[in-house]
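# Structure at a glance
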Amino acid sequence: MGAFTFGIMGAGKIANKFCAAVELIDGCRVAAVSSKSMERATEFAAKHGISATYDSYEQMLVRERPDCVYIAATTDAHYDLCMLCLDHRVPVLCEKAMFVSSGQAETVFARAKELNVFVMEAMWSRFLPALKQAKQWLAEGLIGNPSFLELGIGFVAPNDRTNRYFNPRLGGGVAYDITVYAYEIATYLITRPIEDMQVAAIWADTGVDVTNQITLRYPDMLASLETSIVCALDQGLVIYGDSGKIVVPRPHVASEAFLYAADKELRTHHKDEETQNGFVYQIQEAMHCIQNGKIESPVVPHELTLQCARLFDRIGETRPQAGQR
């Protein structure tokens, strides 16, 4: 068998990290890159040693027939590009947030099931060893019965109302950029059914949400998720139990985890010293699923992405009406 090939749609910053990860994986290569700008595609290809460049996404699909496409374009383009890949029966690994609404998610996943084509959101954090360790500590009951999860991720985005953070036409807003991490990490660690969800958001004058506060109520615990692109929150995850707690600094890029006893004494410190590029794990997962004929990943299943898209719907409902703010 030849090397597993990826085509890339979008030649922005995140695609650079993807290419660097591919270089670490045996039997895998990026065969082509496509962008709306041939100049950008050519510059990107030269940087990463990619032989084929396109200024047409569809031409890349037709001519290259990659084993999978990595969609690295801005959020607003994800749905159309996913559907384009499915039209050509090409598997998809799409950057988070994969969709801006539950309607988009339902349509793509139904089409993927109809055609038996693999589709996955690129939620790389769910594969990080530090979060896997935290999940194992929970499963082993090392903090007893968990009763509260607190997760915060926030930073001050560049103050440019036309950039991808603040421009609604590019799929801007904190929900699609950061809240997706918070929700999909929290539900990776706590797998119990959510009984209720409360949503609050602050909106910018450009029409995007800039701060979110989400409360998830489970049968016997609560989870509080805080995210922002206008303030630098203390970025961390804490899960409190009746006999200890688990702390994961910067959970979306987690490299370590701490286990504390009830008396607050540190019991164990896990430090990930092996991961060179956290994207490697999600790429390997996509390759494994595709090579084994699966249409979704058990780690990042369609239902997860759909539930997160429904959260986006809820956040959108808090948008102020004209004349209100």
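In what follows, the structure referred to is the one given above.
Let me begin by describing the structure that accompanies this report. (Residues numbered from 1 in each chain as written. Predicted model: local features only at pLDDT ≥ 70, side-chain atom pairs only at ≥ 80, totals over all residues. Heavy atoms only, no water.)

## Focus on the overall build of the protein
For the protein, the helix and strand inventory stands at 9 helices and 14 strands. Seen along its three principal axes, the alpha-carbon backbone of the protein occupies a region of about 60 × 55 × 35 Å. With 325 residues in all, the protein has 54% of them scored as buried. Taking the contacts inside the protein whose residues are at least 6 apart along the sequence as the reference set, 66% of them involve residues at least 24 apart. Summed over its atoms, the accessible surface of the protein is roughly 14,600 Å², and 47% of this surface lies on carbon and sulfur atoms. Across the protein, 30 positive and 39 negative side-chain charges occur, with their mean positions spaced 2 Å apart. (Helix = DSSP H or I, 4+ residues; strand = E, 2+ residues; numbered from the N terminus. Buried < 20%, exposed > 50% of the residue type's maximum accessible area, 1.4 Å probe, protein only. Contact = heavy atoms within 4.5 Å. Areas by Shrake-Rupley, 256 points an atom, 1.4 Å probe, with all protein chains shown as cover. Lys, Arg positive; Asp, Glu negative; His and termini not counted. Charge placed at Lys NZ, Arg CZ, Asp CG, Glu CD.)

## Focus on the side chain of Thr75
Tracing the chain through its elements places Thr75 in the loop between strand E4 (68-71) and helix H4 (78-87). Setting aside anything within four residues of it in sequence, one finds Thr75 in contact with Ala97, Val100, Leu170, Gly171 and Tyr176.

## Considerations on the sheet that holds E4
Taken in spatial order, the 6 strands of this open sheet run E3-E2-E1-E4-E5-E6, and their pairing is parallel. The two strands at the open ends of the sheet, each matched to only one other strand, are strand E3 (52-54) and strand E6 (119-122). Strand-to-strand twist of the sheet, defined as the mean angle between neighbouring strand axes without regard to direction, takes the value 25°. Across 3 bridges, the pairing between strand E2 (residues 28-34) and E3 is parallel. Bridge pairing links Ala32 to Ala52 in E3. (Pairing = 2+ DSSP bridges. Axes fitted to C-alpha atoms, helices over the stretch in contact; angles between N-to-C directions.)

## Quick look at the nonpolar core
Counting 87 residues, the largest nonpolar core has Phe6, Ile8, Phe18, Leu149, Leu189 and Ile283 as its most contacted members. Ranked by residue count, the leading element in this core is helix H7 (residues 174-189), at 12 residues. Ranked by size, the runner-up nonpolar core spans 30 residues in total, among them Met83, Leu84, Val92 and Ala309. (Core = buried A, V, L, I, M, F, W, Y, C linked by side-chain atoms within 4.5 Å.)

## Observations concerning the pattern of salt bridges
As enumerated under the stated definition, the model contains 8 salt bridges in all. A salt bridge links Glu114 to Arg111; its shortest N-O distance comes to 3.2 Å. Of the two residues, Glu114 and Arg111 are both situated in helix H5 (residues 102-115); the distance of 3 residues between them amounts to about one turn of the helix. Residue Arg164 is joined to Asp177 by a salt bridge in which the shortest nitrogen-to-oxygen separation is 2.7 Å. (Salt bridge = Lys/Arg side-chain N within 4 Å of Asp/Glu carboxyl O.)

## Notes on the sheet that holds strand E8 (residues 196-203)
Strand pairing in a sheet relies on backbone hydrogen bonds. The paired strands run either parallel or antiparallel. What the 8 strands build is an open sheet, ordered E8-E9-E10-E7-E11-E12-E13-E14; its pairing is mixed. Two strands in the sheet have a free side with no partner beyond their single neighbour: E8 and strand E14 (266-271). Neighbour-to-neighbour, the strand axes of the sheet open up by a mean angle of 10°, direction not taken into account. With 5 bridges connecting them, strand E13 (residues 256-261) and E14 associate as antiparallel partners. Bridge pairing in E14 links Leu259 to Thr268.

## Structural notes on the packing of H7 against helix H9 (residues 302-316)
Orientation of H7 relative to H9, taken along the N-to-C sense of each, is 130°, at an axis distance of 10 Å. Our classification of the angle between H7 and H9 gives oblique. Of the two possible hands of crossing, H7 and H9 adopt the one that is right-handed. On the side of H7, the interface is formed by Ala175, Tyr176, Thr179, Val180, Tyr183, Glu184 and Thr187, while H9 contributes Leu304, Thr305, Gln307, Cys308, Leu311, Phe312 and Ile315. In terms of residue class, the contact of H7 with H9 is made up of 9 nonpolar, 4 polar and 1 charged. (Parallel < 35°, antiparallel > 145°, perpendicular 65-115°, else oblique. Left-handed = near helix turned anticlockwise from the far one by under 90°. Nonpolar A, V, L, I, M, F, W, Y, C, P; charged D, E, K, R; others polar.)

## Regarding the packing of aromatic side chains
Applying the stated criterion across every chain yields a total of 9 aromatic pairs. Here the aromatic rings of Phe99 and Phe109 are separated by 5.6 Å at their centres, their planes lie at 85°, and the arrangement is edge-to-face. Separated by 10 residues along the polypeptide, Phe99 in the loop between strand E5 (92-95) and H5 and Phe109 in helix H5 bring together distant segments of the chain. In this structure Phe99 comes out as buried when scored by relative accessible area, which is 2%. (Phe/Tyr/Trp six-rings, centres within 6.5 Å; stacked < 30°, edge-to-face > 60°.)

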